[in-house]
Amino acid sequence: KEVMVGIDIKSKPLQPHWYERYVQPCVAELLGSALFIFIGCLSVVEDVEGTGRLQPALAHGLALGLTIAILGDI
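- In the annotation of an unreviewed UniProt entry, the entry for the protein chain reads AQP8 protein, and the organism field reads Pygoscelis papua.
- Reading the Subcellular location (unreviewed entry) entry of the UniProt record for the protein chain gives the comment "Membrane".

If you want it as structure tokens, here you go:
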């Protein structure tokens, strides 16, 4: 067994696949926007007098937090 000391081997960083570079961000944006708009619209369908502006605000906030948690790495 030979030990190589003092030799730096620099490898090229792997280029991401075209799917990861172009398609995956577009699909994530589409799903995130659809989820945000869908939940936002559903939050005001059944507007109870007691909730006022709180229900849509909480629904949008939770939808945004969920979208960021799921799709944030992409």
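## Focus: the overall build of the protein chain
Here comes step 1: Counting its regular elements, the protein chain contains two helices and zero strands.
Here comes step 2: Of the roughly 6,800 Å² of accessible surface on the protein chain, a fraction of 65% belongs to carbon and sulfur atoms.

## What about helix α1 (residues 18-43)?
Here comes step 1: With 26 residues, α1 ought to run about 38 Å at 1.5 Å a step, and its terminal C-alpha atoms sit 37 Å apart, in line with that.
Here comes step 2: Taken residue by residue, α1 has A28, G32, G40 and S43 as its buried positions.
Here comes step 3: Turning to α1, the residues buried within the fold contact α2 (54-71).

## Comments concerning the packing of aromatic side chains
Here comes step 1: By the definition in use, this model includes one aromatic pair.
Here comes step 2: Each ring, one from W18 and one from Y19, has its centre 6.4 Å from the other, and the planes form 85°; the classification is edge-to-face.
Here comes step 3: According to the relative accessible area criterion, Y19 is partly exposed, its value standing at 40%.

## Examining the environment of P56
Here comes step 1: Looking at the element boundaries, P56 is found in helix α2.
Here comes step 2: The spatial distance from the C-alpha of P56 to the C-alpha of V45 is 9.7 Å, given a sequence separation of eleven residues.
Here comes step 3: Ignoring any residue separated from it by four or fewer positions in sequence, one finds P56 in contact with S43 and V44.

What counts, and at which threshold
- Residues numbered from 1 in each chain as written.
- Predicted model: local features only at pLDDT ≥ 70, side-chain atom pairs only at ≥ 80, totals over all residues.
- Heavy atoms only, no water.
- UniProt positions renumbered as here; feature names shortened; annotations may be inferred.
- Helix = DSSP H or I, 4+ residues; strand = E, 2+ residues; numbered from the N terminus.
- Areas by Shrake-Rupley, 256 points an atom, 1.4 Å probe, with all protein chains shown as cover.
- Expected span 1.5 Å × (residues − 1).
- Buried < 20%, exposed > 50% of the residue type's maximum accessible area, 1.4 Å probe, protein only.
- Contact = heavy atoms within 4.5 Å.
- Phe/Tyr/Trp six-rings, centres within 6.5 Å; stacked < 30°, edge-to-face > 60°.

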